[in-house]
Amino acid sequence: MIEIKLQKALNGPEGPMMLSLDIAIDKGKLVTLYGPSGAGKTSTLRILSGLLKPDNGYIAVDGRIWLDTAKGIDLKPQERGIGYVFQDYALFPHLTIRQNLEFGLKKSQPREVVSELIHIMELENIQDRKPNTLSGGQQQRVALARALVQRPKLLLLDEPLSALDFGIRLKLQNYLQEVHKTYGLTTVLISHDIGEILKLSDWTFKLHHGKVIQQGNPTDVFTQSSLSGKFKFKGEVIQIQQEDVVFVVSVLIQNELVKIVAQESEVKELSIGDTVIVASKAFNPIIYKIK
């Protein structure tokens, strides 16, 4: 269990704001912080990691206090047992991939840990290369592996896949799922990709202007409770065509194009590029725009 209570005055996009959180995260869960830019998501990760000090705060992980401003407790980042993956990878350019991972080892750790991660992340064929010779997806796999070297109690991911193309992003989502389960991690992910959140997360905190305005199962957070059925898929609206008295909405779901017959009332708020949920209800497919 991770207990987080914190307050931090920040300058948001609309001016000064107060980041004010009082949340708990169950051990072994993957949770997502979701919300607009400037809502306080990255600041929360930085406070959890020890890179940013709150005005007031308390953080306890599995009963061990990492931060208690009232008692003057503030563990350094290296004392907290975290793994942190940034958007820009932050790899050492002069070291090989294996050396980047070995750099993160503690003196007491066996080097077999590095070989294990290289195998899981499928880095065997590139382990002797330098980061500048790798693709973005390969660099992100290395960054994730390096964050896991010390077996962190908490893995922090700040939009780690946002700059990657669709196919690579899907593959790395699978890697994230695998390592999260393999190592029994507790993971906090920042993501703006609703499909990614629905796929990966056990719980979602929706932030706005420094506060949690909604939390729960991702499906409940992003869809109406009345939207039920035997299947639900997230996709992107590619085309809307009127045919006689009905409309045909073309939705790209992963790499498949699905056409949904809809009424005017269902498409009046839809636009090309909208993210939607396609679901079944009473054996008929329906389409719902994600808020």
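Residues numbered from 1 in each chain as written. Predicted model: local features only at pLDDT ≥ 70, side-chain atom pairs only at ≥ 80, totals over all residues. Heavy atoms only, no water.

By the naming in an unreviewed UniProt entry, the protein is Molybdate transport system ATP-binding protein, taken from Flagellimonas flava.

## Remarks on the nonpolar core
In terms of nonpolar packing, the biggest core is built from 35 residues, with Leu-101, Leu-117, Met-121, Leu-123, Leu-144, Leu-148 and Leu-155 touching the most fellow members. For this core, the secondary-structure elements that each account for two or more residues are helix H2 (97-103), helix H3 (112-120), helix H4 (136-148), strand E8 (154-158) and helix H5 (166-182). The leading source of residues in this core is H4, at six residues. Those residues in contact with Leu-117 that lie beyond four places of it in its chain are Leu-101, Ala-145, Leu-148, Val-149 and Tyr-183. Within the second largest apolar cluster, 27 residues are counted, among which are Leu-6, Val-31, Leu-48 and Leu-207. (Core = buried A, V, L, I, M, F, W, Y, C linked by side-chain atoms within 4.5 Å. Buried < 20%, exposed > 50% of the residue type's maximum accessible area, 1.4 Å probe, protein only. Helix = DSSP H or I, 4+ residues; strand = E, 2+ residues; numbered from the N terminus. Contact = heavy atoms within 4.5 Å.)

## What about the sheet that holds strand E4 (residues 56-61)?
Sheet architecture is open: five strands sit in the order E2-E1-E4-E5-E6, paired in antiparallel fashion. Every interior strand has two partners, whereas the edge strands, strand E2 (15-25) and strand E6 (73-74), have only one. Bridge count between strand E1 (residues 2-12) and E2: eleven bridges; the pairing is antiparallel. Among the inter-strand pairings, Ile-2 is bridged to a residue of E2, identified as Ile-25. (Pairing = 2+ DSSP bridges.)

## Remarks on H5
Since the α-helix packs 3.6 residues into each turn, any two residues three or four apart lie on the same face. Taking 1.5 Å as the rise per residue, H5 with 17 residues should run 24 Å; its terminal C-alpha atoms sit 24 Å apart, in good agreement. Those residues of H5 lying buried are Arg-169, Leu-170, Leu-172, Gln-173, Tyr-175, Leu-176, Val-179 and His-180. Packed against the buried residues of H5 are strand E3 (30-34), H3, H4, E8, strand E9 (186-190) and helix H6 (194-200). Backbone geometry just downstream of H5 places Gly-184 in the positive-phi region, at approximately 60°. (Expected span 1.5 Å × (residues − 1).)

## Description of the pairing of E3
The two faces of a sheet get side chains in turn, since along a regular strand they alternate between them. Buried residues dominate E3, accounting for five of its five residues. Residue alternation in E3 divides its side chains into two sets, Leu-30, Thr-32 and Tyr-34 and Val-31 and Leu-33, and both sets are buried. Here E3 pairs with E9 via four bridges, running parallel. The residue of E9 that forms the bridge with Val-31 is Val-188. Two elements, E3 and strand E10 (residues 203-208), share four bridges in a ladder whose sense is parallel. In the sheet register, Val-31 faces E10, and the bridge partner there is Trp-203.

## Observations concerning a nonpolar patch on the surface
On the surface, Ile-238, Leu-252 and Leu-257 cluster together into a nonpolar patch covering about 240 Å² of accessible area. Mapped onto the elements, Leu-257 comes out in strand E14 (residues 256-262). (Patch = residues over 30% accessible without salt bridge, like charges linked within 9 Å, V, L, I, M, F, W, Y side chains within 5 Å. Areas by Shrake-Rupley, 256 points an atom, 1.4 Å probe, with all protein chains shown as cover. Salt bridge = Lys/Arg side-chain N within 4 Å of Asp/Glu carboxyl O.)

## Points about H4
Over its 13 residues, H4 extends 19 Å from the first C-alpha to the last, a length consistent with the 18 Å expected when each residue adds 1.5 Å. Listing the buried residues of H4 in full gives Gly-137, Gln-138, Gln-139, Gln-140, Arg-141, Val-142, Ala-143, Leu-144, Ala-145, Ala-147 and Leu-148.

## Structural notes on the packing of aromatic side chains
This model, assessed by the stated rule, comprises two aromatic pairs. Centre to centre, the rings of Tyr-84 and Phe-86 are 4.3 Å apart; their planes meet at 10°, and the pair counts as stacked. On the basis of relative accessible area, Tyr-84 is assigned to the buried category, the value being 14%. Take Phe-86: its relative accessible area is 30%, and that puts it in the partly exposed class. (Phe/Tyr/Trp six-rings, centres within 6.5 Å; stacked < 30°, edge-to-face > 60°.)

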